[in-house]
Each structure stands twice: as C-alpha cells, then as structure tokens.
Amino acid sequence: MIEADTMTVLRIWPQEDGQPVTCQEKLRMLEENWQEVQQVLADAFEDAVLMGVSEQVMRERLVELVASLPSPKMVRA
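Residues numbered from 1 in each chain as written. Predicted model: local features only at pLDDT ≥ 70, side-chain atom pairs only at ≥ 80, totals over all residues. Heavy atoms only, no water.

Description of the overall build of the chain
Looking only at helices and strands, the chain has two helices and two strands in total. Element order for the chain, N to C, with α for helix and β for strand: β-β-α-α. Burial status across the chain gives 8% buried among its 77 residues. Summed over its atoms, the accessible surface of the chain is roughly 7000 Å², and 60% of this surface lies on carbon and sulfur atoms. (Helix = DSSP H or I, 4+ residues; strand = E, 2+ residues; numbered from the N terminus. Buried < 20%, exposed > 50% of the residue type's maximum accessible area, 1.4 Å probe, protein only. Areas by Shrake-Rupley, 256 points an atom, 1.4 Å probe, with all protein chains shown as cover.)

Focus on the packing of aromatic side chains
By the definition in use, this model includes one aromatic pair. Measuring from centroid to centroid gives 5.8 Å for tryptophan 13 and tryptophan 34, while their planes differ by 70°, and the two rings are edge-to-face. Of the two residues, tryptophan 13 sits in the loop between β2 (8-9) and α1 (24-50) while tryptophan 34 sits in helix α1, which places them 21 residues apart along the sequence. Taking relative accessible area as the criterion, tryptophan 34 reaches 40% and is therefore assigned partly exposed. (Phe/Tyr/Trp six-rings, centres within 6.5 Å; stacked < 30°, edge-to-face > 60°.)

Here we look at the pattern of salt bridges
Applying the stated criterion to the full structure yields five salt bridges. In this structure, arginine 28 and glutamate 25 form a salt bridge, with 2.3 Å as the shortest nitrogen-oxygen distance. Taken together, the residues arginine 28 and glutamate 25, both in helix α1 and three residues apart, mark about one turn of the helix. Among the residues examined, arginine 28 registers a relative accessible area of 38% and is labelled partly exposed. You can call glutamate 25 partly exposed: its relative accessible area is 46%. Note that arginine 59 and glutamate 55 form a salt bridge whose closest N and O atoms lie 3.7 Å from each other. Here arginine 59 pairs with glutamate 55, and both are found in helix α2 (residues 55-67), just four residues apart, close to one helical turn. Overall, the relative accessible area of 45% leaves arginine 59 in the partly exposed class. The exposure class of glutamate 55 is partly exposed, given its relative accessible area of 41%. The network of salt bridges with common partners includes Glu25, Arg28 and Glu32. (Salt bridge = Lys/Arg side-chain N within 4 Å of Asp/Glu carboxyl O.)

In structure tokens:
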C-alpha cells in the first residue's frame, strides 16, 4: 500500500493470527530493520555480481540463506 501524500510504502506485517501489527513503535522498528536488511542484501548482491558470480546463483543463495534462518521461537537447550 502506498500513502499518496508522501509516496511512502506502508507494509502490512501480519501476526500469526493474520491480524496486522498496529503498534507504532513495532511498525517503526520493522520498517527500520527492513530498510537495513534490504540495503545489506543489495550491497552483497551487487558485490558478488561485480566479482563475477552468476546473478542466478547469488539469488538462489540469498533465498537459501533466508530459508535457513532459525526460528527465534525455538527453545535452545
């Protein structure tokens, strides 16, 4: 969703029950984290491609990286 007056993308962050997160502080943190991760991934992707890595392979590895992230809900022994 885009807010017309500022052209800012407003992301919906659904909770486990499907309801959106509405706490402004949480939304601010989620947006800051999203922007930071987006920039880091873009930089890593660009560096890899400029060093000769296949774009397709780098995209696949980034997807694998995200898929392999452990859930913070898992109790560590």
